[in-house]
Amino acid sequence: NGRYDEVDYGMLKFGGSWKFNADSSKLAVAMDEMNGQKVANVLPLADTPPTDTLLILTPDSLVYGAEAYYGPNKIYGHDDSYFVPARK
């Protein structure tokens with residue numbers, strides 16, 4: 001459990017928190033900062049149950065899958081998020 005920093009497309013900077021469930025098989029991620037500014041109306045991580053599936057977790061990579069209802073029509077879908085170290 002802890003904090004993370006993320007850079008998308010080399011220009012958007014995000015920060016937030018993450019936590020595992022009791023047996024470390026599921027993950028919850030909450031983004032609460034964008035480009036150095038706090039994001040309003042974010043559900044606190046304490047109120048977010050870990051439901052995302054860990055697909056890959058190594059010292060230098062994280063891939064997790066999230067299933068949810070997306071968009072105005074609430075269509076059920078699956079998204080994978082990939083996190084790897086930034087190139088220097």
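The structure we're discussing is the one just above.
Residues numbered from 1 in each chain as written. Predicted model: local features only at pLDDT ≥ 70, side-chain atom pairs only at ≥ 80, totals over all residues. Heavy atoms only, no water.

Before going further, it helps to examine the overall build of the chain. Looking only at helices and strands, the chain features 0 helices and 7 strands. Starting at the N terminus, the α and β elements of the chain follow one another as β-β-β-β-β-β-β. Across the 88 residues that make up the chain, the buried fraction comes to 22%. For the chain, contacts bridging at least 24 residues in sequence account for 24% of all contacts bridging at least 6. Placing the 8 positive and 12 negative side-chain charges of the chain at their respective mean positions leaves the two points 5 Å apart. (Helix = DSSP H or I, 4+ residues; strand = E, 2+ residues; numbered from the N terminus. Buried < 20%, exposed > 50% of the residue type's maximum accessible area, 1.4 Å probe, protein only. Contact = heavy atoms within 4.5 Å. Lys, Arg positive; Asp, Glu negative; His and termini not counted. Charge placed at Lys NZ, Arg CZ, Asp CG, Glu CD.)

It is worth spelling out the side chain of Asp-32 at this point. The residue Asp-32 is located in strand β3 (residues 26-34) in this model. Reaching out from Asp-32, the side chain makes a polar contact with the side chain of Arg-3 at a distance of 3.0 Å. Leave out the neighbours within four places in its chain, and Asp-32 touches Arg-3, Gly-15, Gly-16, Ser-17, Gln-37, Lys-38, Val-39 and Val-42. (Polar contact = N/O pair within 3.5 Å; in protein donor to acceptor, adjacent residues only side chain to side chain.)

Its place among the elements puts Tyr-69 in strand β6 (residues 61-70). Ignoring any residue separated from it by four or fewer positions in sequence, one finds Tyr-69 in contact with Lys-74, Ile-75 and Tyr-76.

Turning our attention to the packing of aromatic side chains. Taken as a whole and assessed by the stated rule, the structure comprises 2 aromatic pairs. Plain terms: the ring middles of Trp-18 and Phe-20 are 5.3 Å apart, the flat faces sit at 75° to each other, and that makes the pair edge-to-face. Trp-18 sits in the partly exposed class, given a relative accessible area of 25%. Taking the relative accessible area as the measure of exposure, Phe-20 reaches 22% and is therefore partly exposed. (Phe/Tyr/Trp six-rings, centres within 6.5 Å; stacked < 30°, edge-to-face > 60°.)

So, on to the pattern of salt bridges. Throughout the structure, instances matching the rule amount to 2 salt bridges. Close ionic contact of Asp-32 with Arg-3 constitutes a salt bridge, the shortest N to O distance being 3.0 Å. Of this pair, Asp-32 sits in strand β3 while Arg-3 is found in strand β1 (residues 2-8), placing the two residues 29 residues apart along the sequence. Given a relative accessible area of 49%, Arg-3 falls into the partly exposed group. (Salt bridge = Lys/Arg side-chain N within 4 Å of Asp/Glu carboxyl O.)

The subject of this paragraph is the pairing of strand β2 (residues 12-20). Consecutive side chains along a regular strand alternate between the two faces of the sheet. As paired strands, β1 and β2 are joined by 7 bridges and run antiparallel to one another. Bridge pairing in β2 places Asp-8 opposite Leu-12. Where β1 hands over to β2, the hairpin turn is made up of 3 residues, of which Tyr-9 adopts a positive phi near 55°. Judged from the 7 bridges that link them, β2 and β3 form a sheet pairing that is antiparallel. Each residue of the ladder has a partner; that of Phe-20, found in β3, is Leu-27. The hairpin turn running from β2 into β3, its antiparallel successor, is 5 residues long, and Ser-24 in that turn takes a positive phi close to 60°. (Pairing = 2+ DSSP bridges.)

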